[in-house]
Amino acid sequence: MNNLKSTLESQKSKTPEFLHTVYFWLKNPADSSERQRFETSLKKFINSSRCIKSMHLGIPAKTDRPVIDQSYTYCLSLTFENKADQDKYQEYQSIAQAT
């Protein structure tokens, strides 16, 4: 607990990053080709954004704990330097979906 407290205290002096998390449910999650197409498309889109600081694409944890939601196929977490960068990402995402 002391490590968490000291980490939180040290972060107060820094400008916090902005975190954006999205969950995806594929129509056919067992279809490996659909998963591959999704991953390729998502990575291409993410790599085209200049605003994203870091990215993590994950899948549900394989655990029997009832508090863990295993219904989604992927979870994407993105960090940005600030809210302004996240807003730019959202604007770019809207343009990309419209085209």
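Coordinates for the structure precede this section.
Treat the numbers as computed from the prediction; the structure is a model and nothing was measured. Think of each chain on its own: its residues are numbered from 1, step by step along the sequence as written. With the structure being a predicted model, the display of local features is reserved for residues of pLDDT at least 70 and the display and counting of side-chain atom pairs for 80 or more, all residues being used for whole-chain, interface and lining totals. Excluded from the side-chain calculation are hydrogens and water; included are all heavy atoms of the structure.

## Digging into the side chain of H20
- The helix count covers DSSP runs of H or I at least four residues long, the strand count covers runs of E at least two residues long, and both are numbered beginning at the N terminus. Within the fold, H20 resides in strand β1 (residues 18-24).
- Throughout, exposure labels follow a simple rule: accessible area from a 1.4 Å probe, protein chains only, divided by the maximum for the residue type, with under 20% read as buried, over 50% as exposed, and the rest as partly exposed. We classify H20 as buried; its relative accessible area is 16%.
- Under this definition, polar contacts are N or O atom pairs within 3.5 Å; protein pairs additionally need one hydrogen-donor-capable and one acceptor-capable atom, and for neighbouring residues in sequence, both atoms have to be side-chain atoms. In this structure the side chain of H20 is engaged in a polar contact, spanning 3.4 Å, whose partner is the side chain of Q86.
- When sequence neighbours within four positions are dropped, the list of residues in contact with H20 reads L76, S77, L78, F80, Q86, Y89 and Q90. Note on definitions: a residue-residue contact is assigned when non-hydrogen atoms from the two residues lie within 4.5 Å.

## Notes on the pattern of salt bridges
- The salt bridge definition used is simple: a Lys or Arg side-chain nitrogen within 4 Å of an Asp or Glu carboxyl oxygen. Under the definition given, this model contains four salt bridges.
- Here E17 ties to K53 by a salt bridge, and the two come within 2.5 Å at their closest N and O atoms. Of this pair, E17 sits in the loop between α1 (2-12) and β1 while K53 sits in strand β2 (residues 52-58), and the two are 36 residues apart along the sequence.
- Using a relative accessible area of 44% as the deciding quantity, one classes E17 as partly exposed.
- Judged by relative accessible area, K53 falls into the partly exposed class, the value being 43%.
- Measuring nitrogen to oxygen at the nearest pair gives 3.7 Å for the salt bridge that ties K88 to D85. You can see K88 and its partner D85 sitting in helix α3 (residues 83-98), three residues apart, about one turn around the helix.
- On the basis of relative accessibility, which here comes to 48%, the residue K88 falls in the partly exposed class.
- Overall, D85 belongs to the buried group, its relative accessible area being 16%.

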